[in-house]
Amino acid sequence: MSRVKQFFDRWKTDYDFKTVTAALGSLFVTALFALYNGFLGVYHASLWHGSVCVYYLVLVGLRTMIITARKNADQRAQSKRAQTKVYVASAVLLLLLNLCLVVPVSLMVVQKKPVDMTLIPAIATAAYTTCKVIMASVNLKRRKRSSDRLVRLLLTIGFIDALVSVLTLQNTLIMVNMKNESSEMLTLSAITSAAIMLAVLALSFSAMMNGIKRRKTINDAHS
């Protein structure tokens, strides 16, 4: 009981610990969502859902790397230089991962969907996306509470994760209503997809540049 009490006491007072712990829980949920999209990709022969499955699995690996580095920083008094290296490497991988997402998003917009999907996947995706967007938005707004760059990167990744979920929801809704698909819907899809992708890439690029600047500052201080 004492350990449980210590856990919740730290949860209430230590924002970094709370964020990392929540990220651990998110790993499990994200992995399930990835497998769910993988199932839809195979069952409906959907390139988009297959791509999303791979995207989220890689994102799970990226989060795991950051959380592990953060844990090592606590246990081994890891240097700022070592933490910055992990931050920069993670930010670069995140940017490359999101750049790769441009291709399936483009296919989603310009091609007709050879899939007749039911309402159940749309409802499940909508519920998941709504919860994720609300939580990620609140956490991103509060990220100034932390001075730890790895923790702040986790929050940024969480928000990007939520934005990609919006793309997934949009594609699912188009599939459900494909009988009524029109040029106006495709135009709207193109506009919203482009806006979301620009936001995702901007966040990724900003994180990478912040890490590079931080590394340069640390290297200059040690030279």
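Everything in this summary refers to the structure shown in the same document. (Residues numbered from 1 in each chain as written. Predicted model: local features only at pLDDT ≥ 70, side-chain atom pairs only at ≥ 80, totals over all residues. Heavy atoms only, no water.)

**A few points about the side chain of Thr 129**
Put simply, the rule is: Per the convention used, a helix needs a DSSP run of H or I reaching at least four residues, while a strand needs a run of E reaching at least two, with both numbered from the N terminus. Nitrogen and oxygen atoms within 3.5 Å of one another constitute a polar contact, given that in protein one can donate a hydrogen and the other can accept it, and given that sequence-neighbouring residues count only through two side-chain atoms. Should any heavy atoms of two residues lie within 4.5 Å, those residues are counted as being in contact.
Relative to the assigned elements, Thr 129 resides in helix H6 (residues 119-141). Only 3.4 Å separates the side chain of Thr 129 from the backbone oxygen of Ser 165, close enough to count as a polar contact. Once residues lying within four places of it in the same chain are set aside, the contact partners of Thr 129 are Ser 165, Val 166 and Leu 169.

**Brief notes about the packing of aromatic side chains**
As a reminder, the rule being used: Only Phe, Tyr and Trp rings take part, Trp by its six-membered ring, and two of them pair if their centres are within 6.5 Å. Stacked means planes under 30 degrees apart, edge-to-face means over 60, and tilted covers everything else.
In this structure the tally under the stated criterion is four aromatic pairs. Relative to Tyr 56, the ring of Tyr 55 has its centre 5.6 Å away and its plane inclined at 85 degrees; by these criteria the two rings are edge-to-face. Each member of the aromatic cluster is reached from another via a ring pair, and the members are Phe 33, Tyr 36, Tyr 55 and Tyr 56.

**Regarding the nonpolar core**
What counts is decided by this rule: In plain words, nonpolar cores are sets of buried Ala, Val, Leu, Ile, Met, Phe, Trp, Tyr and Cys residues tied together by side-chain atoms within 4.5 Å. Type-normalised accessible area, obtained with a 1.4 Å probe on protein chains alone, sets the label of each residue: buried when under 20%, exposed when over 50%, and partly exposed for intermediate values.
One finds Tyr 55, Tyr 56, Leu 59, Ile 66, Val 105 and Ile 157 to be the most contacted residues of the largest nonpolar core, which totals 45 residues. Those elements that place two or more of their residues in this core are helix H2 (15-43), helix H3 (47-76), helix H4 (80-100), helix H5 (102-110), H6, helix H7 (149-176) and helix H8 (183-222). Per element, the largest residue contribution to this core is 11 residues, and it comes from H7. If sequence neighbours within four positions are ignored, Ile 157 has contacts with Leu 59, Leu 62, Arg 63, Ile 66 and Leu 94.

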